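Coordinate inspection notes
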Amino acid sequence: VESSIPEHMREAWKKFSPKGFTTKDEFESEAVKHIETTLARSLFNCDELAAYSGTALAFRDRLIIDWNKTQQRQSFADQKRLYYLSLEFLMGRALDNAMLNVGLKNVAKDGLADLGFRIEDIIAQEHDAALGNGGLGRLAACFLDSMATLNYAAWGYGLRYRYGIFKQEIQDGYQVEIPDYWLDFNPWEFPRHDVSVDVQFYGWVNKYTNDEGKQIVSWQDGEIVTATAYDVPVPGYGTPTVNNLRLWSSKASSGEFDFAKFNSGEYESAVADEQRAETISAVLYPNDNLERGKELRLKQQYFWCAASLHDIVRRFKKSKRKWSEFSDQVAIQLNDTHPTLAIVELQRILVDMEGLGWDEAWTIVTSTFGYTNHTVLPEALEKWSVPLIQNLLPRHLQIIYEINLQFLQSVEKRFPKDRDLLGRVSIIEESQPKMVRMAYLAIIGSHKVNGVAELHSDLIKTTIFKDFVKVYGPDKFTNVTNGITPRRWLHQANPRLSELIASKIGSYEFLKDLTLLNKLEPFVDDKEFKKEWAEIKYANKVRLAQHIQTTKGYSVNPKALFDIQVKRIHEYKRQQLNIFGVIHRYMAIKSMSPEERKKLVPRVSVFGGKAAPGYWMAKTIIHLINKVGEVVNKDPDVGDLLKVVFLEDYNVSKAEIIVPASDISEHISTAGTEASGTSNMKFVLNGGMIIGTLDGANIEITREIGEQNIFLFGNLSEDVEDLRHHHFYGDYKVNPELVKVFDCIKKGTFGDEGAFGALISGIVEHGDYYLVSDDFNSYCQTQDLIDEAYKDQDAWVTKSITSVARMGFFTSDRCINEYADTIWNIEPLDVAEEKEVRART
Ligand code: C3B
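First things first, this report covers the structure right here in the doc. (Residues numbered from 1 in each chain as written. Predicted model: local features only at pLDDT ≥ 70, side-chain atom pairs only at ≥ 80, totals over all residues. Heavy atoms only, no water.)

Each helix and strand counted, the chain has 35 helices and 24 strands in total. In terms of overall size, the chain behaves like a compact globule, its C-alpha atoms giving a radius of gyration of 28 Å where 841 residues would be expected to give roughly 28 Å. Projecting the C-alpha coordinates of the chain onto the three principal axes gives extents of approximately 95 × 75 × 60 Å. Residue burial in the chain is summarised as follows: out of 841 residues, 59% are buried. A fraction of 77% describes how many contacts in the chain between residues 6 or more apart in sequence connect residues 24 or more apart. Here the chain displays about 34,300 Å² of accessible surface, and carbon together with sulfur accounts for 52% of that area. The averaged location of the 119 negative side-chain charges in the chain is 1 Å from the averaged location of its 98 positive side-chain charges. (Helix = DSSP H or I, 4+ residues; strand = E, 2+ residues; numbered from the N terminus. Rg over C-alpha atoms; globule rule 2.2 N^0.38 Å. Buried < 20%, exposed > 50% of the residue type's maximum accessible area, 1.4 Å probe, protein only. Contact = heavy atoms within 4.5 Å. Areas by Shrake-Rupley, 256 points an atom, 1.4 Å probe, with all protein chains shown as cover. Lys, Arg positive; Asp, Glu negative; His and termini not counted. Charge placed at Lys NZ, Arg CZ, Asp CG, Glu CD.)

Written as structure tokens, this is what we have:
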């Protein structure tokens, strides 16, 4: 690492470089300085937002000091780095996390109290960073937390959307989308105007032989858009490591192009170009598990891949190493197929720009990339039309064809007589128009492909990627079961439970080694401990009840059983099964005598989640939930026995309130459709039970915590195909109890029955693809078992503690270590010395 400052002047730098606050007084001084100077506010007009800003800026400074040191340390260490390419990072709020990770939350709390503020109110001022849709984006955020905590040299690369996932409002029972402009004041990003990459689109390819007789390929003309880096610090927990998340923002190229236009008087069209360029990073596509093939989305993907790859290559070239060492220094993980063009871009850089031979380049490419698959749903598997790519990225299309040709030739050599196989594994689908199958390209261009839970990793090998297992053998495919960060999802979301656990097992070490939770198991019969455990759950339910009171305007009884399903609304996740179950329960209550009602366990059914704006069926489900709520919640026959709540605008910060408050949470996808699920892990880690199908990570959760501690129901994934077939060709009948539910809806019990017609006919007439009817009986019976189990509170708390004690496996730290060992081949950095220096000062 070189420095432009002469040796003898560096002493001054060292003397004056900021150290960061550690005491309460130092914190207050920093915060007040920022409020009065950076924000130009004063004691007389400092509201909570200004106090938040001052606090955030004080912590940001601290993070940046550590961030700088981390980057220096990682450069000196000169080890292999990991780059995590993800179109989504669902980070949520940063301040609370920063305070906890650097270990100064109490300092800030006392300091803020001195200045006249309550820390909870200040934390609540922050706007969520919501650059993601759901599980995939939140997983990326948990991974960043673990990579920093474990001291890996790892960067995230993404897009700096001006608009994150939309805000959801419910109006008259319908979802309404409001744009989420979140950059008004965002102290957590650093614009790096000195770090930019020019990215090219459109144009044409010129192939010629130069004077030395060498074949030259050059991609010419078209349009240039500039990518500017915005860096977001990612602090690790209890370590000096602060890693980097680099997000790219688009703007029109400041190069000659525009000047020419300005000078020739085309001012308006130059400004229009500017806006078109800015559109690329303007908005996150709000689909979860769905790809729609829009050109702008492809532009986003290439823009981000190209900028990231050039940044990575530039860093590598500074090391003056040979190209053959590239993959000893660089590992790149593709979060789903969204960044697959990075494979093509690296090949292009190496061959067209750096002059390497094709084979030499391809060896480097394939040893650099790893690909994670997150879904088997056909509508989510990306395909891009050949004409679209031809127009936008003409050189890339040629490279894709060349990759495919070489691959198919190698397949043909090994399976000479299997013409069908060639067609099946070809990157190009011979449809009209032809399509590029991005998952196949990702597999061919990577050295490892992984699924995100055991069942899912098995399924990709036996279904969608079966032919590739034949071609490559099974070793290229592997499993890394997802995990979650216990820092945010236990310590931050549920501080009292974290504290109770620490008091029992002697320290907070479990936050860094979650397997230590097993030390709780000896206390499952400790009366005092169980009492405290139950009290904390109750307090968390009270907190959620207050949230419901303030946002919905009605009260729910915190003593009732809280039954929660929060996640994106999707037919495969089956919120419809849940709400039909609720209606079934409602009808049962209505038909009971007062005596019978007294024996019931009161329930609060909580739903939350966004529907993609164009996903009409999902929106219908939201509508039904809200309409059922309107009727049930004011039915005097029902009273406290059943409440149905739809919480608006579910996001990360709301999840931090909701997750700790569940008695039972629902993970009820059609078996074989939910790749993993991660909220299932969050709920159990917070002492909630699960009702779930044998799908995704539910299966491994069951294995870890024990069958007696989970409520499983429904058909198995291996039977799904036969059942679907039977719906169309057998003597299929809808479950009679479900028919009664439909009749109740059709009578207009919940308003205009026409509004819900499609939901019913999808099951009755159109084959019930998601097997709602097949699973309805066992779902309802299992809910009854839950009521019975809940009556024995002592046994329930035992289950709760036992489950938490056995959740160690599901930390994203374990998950990241597995990726590091088996896919990335990277080692953590040694930070012992840094820690010592810090302890001394
Ligand atoms: C999700 C899957 O639906 C979840 O089962 C899984 O837990 C997470 O990814 C993380 O692996 N997923 C998503 O959120 N968006 C997609 N486009 C595909 C999968």
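Back to the write-up after that little detour.
Tracing the backbone through its elements, the reader meets Arg321 in the loop between α10 (295-318) and α11 (326-329). When the C-alpha positions of Arg321 and Glu126 are compared, they lie 44 Å apart, and in sequence the two are 195 residues distant. Excluding anything up to four places from it in sequence, Arg321 contacts Asp78, Phe316 and Gln329. Within the structure, the side chain of Arg321 is placed 3.0 Å from the side chain of Asp78, a separation counted as a polar contact. A distance of 3.2 Å separates polar atoms of two side chains, one belonging to Arg321 and the other to Glu325. (Polar contact = N/O pair within 3.5 Å; in protein donor to acceptor, adjacent residues only side chain to side chain.)

With that settled, consider the pattern of salt bridges. Scanning the entire structure with this criterion turns up 59 salt bridges. Via salt bridges that share partners, Arg192, Asp231, Arg246, Asp311, Arg314 and Arg315 belong to a single interconnected network. (Salt bridge = Lys/Arg side-chain N within 4 Å of Asp/Glu carboxyl O.)

We describe a pair of aromatic rings using the distance from one ring centre to the other and the angle between the two ring planes. For the structure on display, the rule yields 30 aromatic pairs. With centroids separated by 5.2 Å and ring planes inclined at 80°, the aromatic side chains of Phe580 and Phe742 adopt a geometry described as edge-to-face. Of this pair, Phe580 sits in helix α23 (residues 575-590) while Phe742 sits in helix α30 (residues 736-746), and the two are 162 residues apart along the sequence. You can call Phe580 buried: its relative accessible area is 0%. Geometrically, the ring pair formed by Phe809 and Phe810 is edge-to-face, given 5.1 Å between the ring centres and 90° between the ring planes. For Phe809, a relative accessible area of 26% puts it in the partly exposed group. Each member of the aromatic cluster is reached from another via a ring pair, and the members are Tyr83, Trp155, Tyr157 and Trp248. Above the plane of the ring of Tyr230 lies Arg160, whose end atom (NZ or CZ) is 3.8 Å from the centre. (Phe/Tyr/Trp six-rings, centres within 6.5 Å; stacked < 30°, edge-to-face > 60°. Lys NZ or Arg CZ within 6 Å of the ring centre and 35° of its normal.)

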